Amino acid sequence: MAEEATIFDKILTGEIPADKVYEDDDVLAFRDINPQAPVHVLVIPKRRAERFAELKHSDTGFAGRLFQGVSRVATELGLDDDGYRVVVNNGRNGQQTVEYLHVHILGGRGMTWPPG
Ligand code: AMP
């Protein structure tokens, strides 16, 4: 776990405002400030991990609860019928810019493959 508070830590504590769309005991979801699709939401676990490599040190329910949260958010946003993309940018090559593990939900348009 990194020591320095990230922007997502500050959103979680309310220090920085966010356009929240969903919250439960495990996750918080809010709209991306620079959307790459008509629907672009970030889902963060309430307990911070910096990236995937940390998950082996976490309890086994952590990833499950995060992905269950992603599923709930997508359903609440009405994305289930048309589908959506789930992205985790992890580390430097993954283009991760915020060192707080988070899941992007992108929907509302057709996606292309492969990603750049
Ligand atoms: P990543 O490149 O996966 O680390 O993505 C970080 C994402 O956080 C980017 O898509 C940013 O647009 C988004 N972001 C940065 N600051 C904020 C903020 N204050 N509120 C909402 N989204 C943000």
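In case you missed it, the structure is sitting above this.
What you see is a predicted model; the values in this text were computed from it and never measured.

Undergrad: Hey, could you run me through the pattern of salt bridges in this one?
TA: Side chains that differ in charge, positive against negative, can pair when their charged atoms come close. Evaluation of the coordinates by the stated rule reveals 6 salt bridges. For Arg48, the salt bridge is made with Asp9, and the minimal N-O distance between the two is 3.1 Å. In this pair, Arg48 is assigned in the loop between strand E3 (39-45) and helix H2 (61-76) and Asp9 in helix H1 (residues 7-13), connecting sequence segments 39 residues apart. Like Asp9, Arg48 is buried. Salt-bridge contacts for Glu23 lead to Lys46; the nearest nitrogen and oxygen are separated by 2.8 Å. Remark: Lys46 occurs in the loop between E3 and H2 and Glu23 occurs in strand E1 (residues 20-23); sequence separation between them is 23 residues. Overall, Glu23 belongs to the partly exposed group, its relative accessible area being 46%. The class for Lys46 is partly exposed, based on a relative accessible area of 30%.

The rules behind these values
- Sequence order as written defines residue numbering, which begins from 1 separately in each chain.
- Where totals are concerned, whole chains, interfaces and linings use all residues; where local detail is concerned, this predicted model gives features only for residues with pLDDT of at least 70, and gives and counts side-chain atom pairs only at 80 or more.
- In computing side-chain values, all of the structure's heavy atoms are included and hydrogens and water are not.
- The salt bridge definition used is simple: a Lys or Arg side-chain nitrogen within 4 Å of an Asp or Glu carboxyl oxygen.
- Strands are runs of DSSP state E lasting at least two residues, helices are runs of H or I lasting at least four, and both sets are numbered from the N terminus onward.
- When accessible area is computed with a 1.4 Å probe and restricted to protein chains, residues below 20% of their type maximum are described as buried, those above 50% as exposed, and intermediate ones as partly exposed.

Honestly, it's all geometry; don't read function into it.
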